[in-house]
2 protein chains.
Amino acid sequence: MPDTAWDLVTARTADLRALQGAITLLSWDQETYLPPKGAEARGEQLAALQGLYHEKLTTPELGDLIARAEQDPLTPALSPAGGEGAWQAALRALRFERERAVRVPDRLVRELAKLQSESLVAWREARAQSRFERFAPFLARLLTLRREQADALCAPPGGERYDALLEGYEEGMRVARLEPLFKRLTGWLAPLVARLAGAAQPPDPLAGQRFDVEQQWQLTLEVLQVMGFDGEAGRQDRSIHPFSLGVDPGDVRLTTRLSEKLPLSALFSTLHEGGHGLYEQGLPAEHRRTFLCQGASFGLHESQSRLWENLVGRSLPFWRYLLPRFQARFPQASGAGLTAFHRAANRVERSLIRVEADEVTYNLHIVLRFELELGLMRGNLAVADLPQAWNDGMERLLGVRPARDAEGVLQDIHWATGDLGYFPTYTLGNLYAASLFAAARRALPALDDDLAAGRLLPLREWLREHVHRHGRALPAEEIVRRATGRGLQDDDFRSYLETKYGALAP
Amino acid sequence: MPDTAWDLVTARTADLRALQGAITLLSWDQETYLPPKGAEARGEQLAALQGLYHEKLTTPELGDLIARAEQDPLTPALSPAGGEGAWQAALRALRFERERAVRVPDRLVRELAKLQSESLVAWREARAQSRFERFAPFLARLLTLRREQADALCAPPGGERYDALLEGYEEGMRVARLEPLFKRLTGWLAPLVARLAGAAQPPDPLAGQRFDVEQQWQLTLEVLQVMGFDGEAGRQDRSIHPFSLGVDPGDVRLTTRLSEKLPLSALFSTLHEGGHGLYEQGLPAEHRRTFLCQGASFGLHESQSRLWENLVGRSLPFWRYLLPRFQARFPQASGAGLTAFHRAANRVERSLIRVEADEVTYNLHIVLRFELELGLMRGNLAVADLPQAWNDGMERLLGVRPARDAEGVLQDIHWATGDLGYFPTYTLGNLYAASLFAAARRALPALDDDLAAGRLLPLREWLREHVHRHGRALPAEEIVRRATGRGLQDDDFRSYLETKYGALAP
């Protein structure tokens, strides 16, 4: 029997997915084991694979095959995932990726790639010197190209270009939804921060001590095992910046960073990347040859890391489990009690730096970036005025003002790589995490006891069933809606913070 | 100015080379860090990349571009390497690879790949049960396909099909040269083995002791550093079977295997793979985007590993350097002296197993395999008669007869993967290594003193200058001829063995 259109589409998608897997592995190696002198060749290998991926995705034959498969009565129903035929979802995801790739002219793709490399170099220098004007011309050019890209991606003429960028990270998300949501969030978050950060901070029981990094490493591995991260389907290594990458549900790579003075840093980093990793391991492996075997969105992915890092990892019940294990490895910490540790893991401070921010203040850092990006894309804000706008925004939202660009507008890598539209996914992750955790708590009445006993598998199973196994068969918000009964909202996050920090109030 | 044909060829070759690099890295990871459950996806990733490589290599447009570039007056001369324009050599290597790939029909490529996977499984089972008849039908089918492939590769009708297979590993090598060479070699080697293996063997000073594997690991790293293996352009990891792979001259991956009871095994394995690694690091990186940045042949590659493992690593001068370092790490070995160690590293035994054979008997194992492969390809030898022919050959050449197929005809993986024509490159490597080392000794009068002092860089530089830097710009034998004044012969190897084992005679 000749191959059906669906067979032919699937064979091509399998090649695309294999290329993605290869790109992921080469990227992992680049940050872990690549010898320094291999960097130039690695750049060329990645560029070649990405070029091949783009070529294979945009070839007109694939477009024809997708159209034929969509109409073909022979296209078989895959096993249903989430109430709709998985093959329909697989075709839709493929069409979505393909159409975005096709719409942007090759010239623009190449210009953006080139400019991003140059901008990254300029940003590193600018940050080192704390001189925004060194970076400004690159950002201005990036904005021009990203606007052009947004237009190519068919934002309606005169419409919201930022939507086209959002779509690259969070399918279906729109400025029209984010703006009121972030406004509401800020409305209650800013006063909460003012109250919590204004109070006296508890002393850090670990300050000034050193913690053997090999013991830290062993403890992070123990935590991964307790979380139910499958050591036969993934591994943890060390890198300068922690990250996680899924080559395949059977091959998930995590990294962490160990610092002698900051033992909690490695722990929370492992919980965070482990959360991403559980999502990747829980994706539907039977669909690995299609685009269904991917996270549903960056926001939903981030919800998994935040859930494990913050809602589990910084909770009092989990510290009941963790503290004796921590103290067994680090006798120098045996003097401090559970409350002191729990407070140390949950200090609220008006920090200048996003990546060091606690879970209360964190979203205000995101709101600021969203406002500024929107202004830049809409043309309401000039690049030259960005540092001033940044500092004013920090003062308004967080009550602190950076003294130097390096601690302000130059702190994040995202704009240097052209990733405008990415930041909101962090807050979506926080909001989704709170909703999912609240729903898990309703479904698992013994959750706190489980956490305190180190029984994390019921929670992992709940997430696997309600989030991970869907892969990309449903939109992120629909997955959350089915899991929690509600779509995107900030109520659960607010309840979570108010309950937790009410109990923590000194 | 529009791109010249040469520019266009180079861009495509750069993509092919990048794909090769990616395939190499994925293969390395498969044997070092891949989680077990990632194996299925890794197989698919490698198959997809190999398919893309084949597709990009055989596309007719590339054939047209090569033909145009060869005629195009605009094709620029690259920096000359080895007396001929490097661009000519690059085009010739590309054309060579492309024509071999084009000539074999896709159907046959796929059938061979499928059969090789199945044969490997059957061979593993057959070997475990020591039952050749389990493997025989697979070998018979492999032979049929390899004959078909040889015919497609244009062996003249009625000509020597084995030549077409040899050509895949050793460009330009022919049965008509190997047969008399191997006959001559056997003529003096068999009596030498009879004499040496018949003598009483010295006791092994390390027998029955245990050697800390972490100390072994540190010693192998020390040896790599002394050899001049650039740690910024490569790394060593652990794997079940030692191997070496060059992703790029700046990214060379070695592995070794550590065994508590066999400390010399890790040492010699590191010297062996390190020799391969130095070749890869010494390839002309400025040509990395072409096929020039590759070893000239499998035989020449093997000469580099054998040279470091045997001619350096098992020499008395080098043991003068190594022994105190070995004994510093392993005090339990401090009782034995230099002579005892040197003898232990150079025991000659009539072994049944090729991979355990010493450097004297080793080539007789190869001669046997060459004779049998030739018989199989020519149709003079039936698969069913192979075990008997093997055992008879072992008795004739080495004076020992396997009692079981697992220790005889089933011992090597090569036939299971269809790699007929590969074995002779091991002996070519041994012969080339002896010639190159003799020439290096003439050029470096202080060589023995250098080895005894751990000064290995002069030797590495000589090899880099006379072998490595040529890459694939010249045929392997031509590289050896320019380096030593003579082409392929067995005189240097004979002198080496006779001198060494004359001095060693008890």
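Residues numbered from 1 in each chain as written. Chains lettered and ligands numbered in written order. Predicted model: local features only at pLDDT ≥ 70, side-chain atom pairs only at ≥ 80, totals over all residues. Heavy atoms only, no water.

Engineer: Would you mind going over the overall build of chain A with me for this structure?
Structural biologist: In terms of regular secondary structure, chain A is built from 20 helices and 3 strands. On C-alpha atoms alone, chain A measures out to a radius of gyration of 23 Å, which is about the 23 Å that the 2.2 N^0.38 rule sets for 506 residues. Counting only C-alpha atoms, chain A reaches 70 × 50 × 50 Å along its principal axes. Of all 506 residues assigned to chain A, the portion counted as buried reaches 58%. Of all intrachain contacts in chain A linking residues separated by at least 6 positions in sequence, the fraction that spans at least 24 positions is 73%. Accessible surface for chain A amounts to roughly 20,100 Å². Of this, 52% is attributable to carbon and sulfur atoms. Computed over 61 positive and 67 negative side-chain charges, the separation of the two mean positions in chain A equals 3 Å. (Helix = DSSP H or I, 4+ residues; strand = E, 2+ residues; numbered from the N terminus. Rg over C-alpha atoms; globule rule 2.2 N^0.38 Å. Buried < 20%, exposed > 50% of the residue type's maximum accessible area, 1.4 Å probe, protein only. Contact = heavy atoms within 4.5 Å. Areas by Shrake-Rupley, 256 points an atom, 1.4 Å probe, with all protein chains shown as cover. Lys, Arg positive; Asp, Glu negative; His and termini not counted. Charge placed at Lys NZ, Arg CZ, Asp CG, Glu CD.)

Engineer: Whenever I open this one, the sheet that holds strand β2 (residues 244–248) of chain B confuses me. Can you help?
Structural biologist: Across a sheet, strands are paired by hydrogen bonds formed along the backbone, either parallel or antiparallel in direction. Residue and element names in this part refer to chain B. As summarised here, the arrangement of the 3 strands in space is β1-β3-β2, forming an open sheet in which the pairing is mixed. Edge strands, defined here as strands with exactly one partner in the open sheet, are β1 (234–238) and β2. Averaged over all pairs of adjacent strands, the angle between strand axes in this sheet comes to 20°, irrespective of strand direction. Running at roughly 155° to β1, helix α9 (residues 213–227) makes contact with β1 and β3 (251–256) of the sheet. (Pairing = 2+ DSSP bridges. Axes fitted to C-alpha atoms, helices over the stretch in contact; angles between N-to-C directions.)

Engineer: What's the story with the sheet that holds strand β3 (residues 251–256) of chain A in this structure? I'm lost.
Structural biologist: All names here are of chain A. Across the sheet, which stays open at both edges, the 3 strands sit in the order β1-β3-β2 with mixed pairing between neighbours. Of all the strands in the sheet, the pair left with one neighbour each is β1 (234–238) and β2 (244–248). With direction set aside, neighbouring strand axes in the sheet form an average angle of 20°. With 5 bridges connecting them, β1 and β3 associate as parallel partners. If you follow Arg 235 over to β3, its bridge partner there is Arg 253. Helix α9 (residues 213–227) rests against β1 and β3 of the sheet, and its axis sits at about 155° to β1.

Engineer: I keep staring at the confidence of the model for chain A and nothing clicks. Help me out?
Structural biologist: It should be kept in mind that the predicted coordinates are not to be read in detail where pLDDT is low. All names here are of chain A. Confidence in the prediction for chain A averages 93 pLDDT; 97% of positions are at 70 or higher. Within the model, pLDDT remains below 50 along residues 79–83, and this stretch shows 9 contacts once partners closer than five positions in the same chain are excluded. With a pTM of 0.94, the predicted complex shows an ipTM of 0.93. (pLDDT = per-residue confidence, 0-100.)

Engineer: Can you walk me through the packing of α9 of chain B against helix α10 (residues 263–282) of chain B in this structure?
Structural biologist: Angle between the axes and distance between the axes are the two parameters that describe a pair of packed helices. Residues and elements named next belong to chain B. It is the contact of α9 with α10, at a shortest axis distance of 10 Å, that shows an interaxial angle of 30°. On the basis of their axis angle, the class for α9 and α10 is roughly parallel. Note on packing geometry: the crossing formed by α9 with α10 is right-handed. Here Gln 216, Leu 219, Thr 220, Val 223, Leu 224 and Met 227 of α9 come into contact with α10, specifically with Pro 263, Ala 266, Leu 267, Thr 270, Leu 271, Gly 274, Gly 275 and Leu 278. Across the contact of α9 with α10, the residue classes break down as 9 nonpolar, 5 polar and no charged. (Parallel < 35°, antiparallel > 145°, perpendicular 65-115°, else oblique. Left-handed = near helix turned anticlockwise from the far one by under 90°. Nonpolar A, V, L, I, M, F, W, Y, C, P; charged D, E, K, R; others polar.)

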